[in-house]
Amino acid sequence: MQIRRFLLENEKGQRFRLDNLNEGCFLISPSDLGYSYNINFTQVGFDFIENNKRIAQKNPKGIAYFKSYDKVKEFIDYIESSNKLKWIYIIPFKDGEKTYYLDVSLKKFDKTEKSGKWLACPVEFVRKSLWYEAKEVVYTIDSVTNELRWDFEWNTVFASYDNRNIIFENKGHTEAPFKLELNGEVVSPIITILEDDVEVKKLDLTGLTIATGETFIYNTKDTEQEIVKIGSTGTTNLFSFLNPNFINFFKLRKGASKIRLEAENEITSGKLTIYVQYKAV
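Values in this document were obtained by computation on a predicted structure and should not be read as measured data. (Residues numbered from 1 in each chain as written. Predicted model: local features only at pLDDT ≥ 70, side-chain atom pairs only at ≥ 80, totals over all residues. Heavy atoms only, no water.)

(A) Examining the overall build of the protein more closely. Looking only at helices and strands, one finds 1 helix and 23 strands in the protein. The buried share of the protein, reckoned over its 281 residues, is 42%. Of the contacts made within the protein by residues no fewer than 6 positions apart, 64% connect residues no fewer than 24 positions apart. About 15300 Å² of surface is accessible on the protein, with carbon and sulfur atoms providing 47% of the total. On the protein, the mean spot of the 39 positive side-chain charges and the mean spot of the 40 negative ones are 7 Å from each other. (Helix = DSSP H or I, 4+ residues; strand = E, 2+ residues; numbered from the N terminus. Buried < 20%, exposed > 50% of the residue type's maximum accessible area, 1.4 Å probe, protein only. Contact = heavy atoms within 4.5 Å. Areas by Shrake-Rupley, 256 points an atom, 1.4 Å probe, with all protein chains shown as cover. Lys, Arg positive; Asp, Glu negative; His and termini not counted. Charge placed at Lys NZ, Arg CZ, Asp CG, Glu CD.)

Structure follows, in structure tokens:
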């Protein structure tokens, strides 16, 4: 029988398994994986009008069972050597597994005495994001083919060379941030978001050149917002290309949107990662 599984992952991609008895750590009795609201109301006569509704910050927690004190030390060393943590939640469905992520920080870890073969250690985290999936569109182009690969089921259109349109349906509970990575050479890129074929957001980077060997990164996730290019000499911040009078970090609405990528030359290699967010999974 398939069961749901839990893991941790840090900013280096290193994982700590919370789902394997054989490896000496297993999380049971997870709680606070759902969501709730903090809501204020104003009374008007005998009715009440909702005037402030914000999602509450939850603290996912559970009991971590360890086979040895060495495994407990390994867990503590892993936490303390990590600057960023994700709680990974893998859920089995009839048609396969789905993986969801939650940005967290450790709040509390209680070390207990060993009873029998196991140590039962309560552990509590603080959530820093909504649950999300990381959906990727990876593309490469050569003189013969225009190849599109994707790891998700939603309808996606990807066509043309220097002007390409990606249609994406966001089935999450909120707007979806995304991360765009382009490999050079790319000259004067423009990123446009269209809703119902109407331009609603546009980031015009005319004058910017991403040279061969450089990578352009534009990330609109709230806690990771950046616009940079990375090359052999280091990372260059591109905030000077942004207009301070407008919102420069876009998200995709719930439902269908079109992302248009343009440049003065062919966009030949890159990756688009869309973070589809859920209040609970």
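What follows continues from the structure just given.
(B) A look at the packing of aromatic side chains. Counted under the stated rule, the structure contains 17 aromatic pairs. Judged by centre distance (5.7 Å) and plane angle (40°), the ring pair of F16 and Y78 falls under tilted. Highlighted residues: F16 in strand β2 (residues 15-17) and Y78 in helix α1 (residues 69-80), separated in sequence by 62 residues. One aromatic cluster is present, built from ring pairs that chain together F6, W87, Y89, F125 and W131. Above the ring of Y37, the side-chain terminus of K53 is found at 4.2 Å from the ring centroid. (Phe/Tyr/Trp six-rings, centres within 6.5 Å; stacked < 30°, edge-to-face > 60°. Lys NZ or Arg CZ within 6 Å of the ring centre and 35° of its normal.)

(C) The pairing of strand β6 (residues 47-55), seen in detail. Where strand β5 (residues 37-44) and β6 come together, 8 bridges link them in antiparallel fashion. Note on β6: the bridge partner recorded for Q43 is F48. Hairpin geometry of β5 and β6 is characterised by an intervening segment of 2 residues between the two adjacent antiparallel strands and by a positive phi of about 65° at G45. (Pairing = 2+ DSSP bridges.)

(D) Spatial organisation of the environment of E80. Tracing the sequence through the fold places E80 in helix α1. Sequence separation of E80 and P244 is 164 residues, and the distance between their C-alpha atoms is 37 Å.

(E) Here's a closer look at the pairing of strand β7 (residues 61-66). Of the two faces of β7, the one holding G62, A64 and F66 is buried and the one holding K61, I63 and Y65 is not buried anywhere. Looking at chain direction, β7 and strand β10 (residues 119-127) are connected through 6 bridges and run antiparallel. Paired with F66 across the strands is L119, a residue of β10.

(F) Fine view of the nonpolar core. Membership of the largest hydrophobic core comes to 56 residues, with the highest contact counts inside it found for F66, W87, F216 and Y218. In terms of nonpolar packing, the next biggest core, distinct from the first, is built from 6 residues, L7, I88, Y101 and Y132 among them. (Core = buried A, V, L, I, M, F, W, Y, C linked by side-chain atoms within 4.5 Å.)

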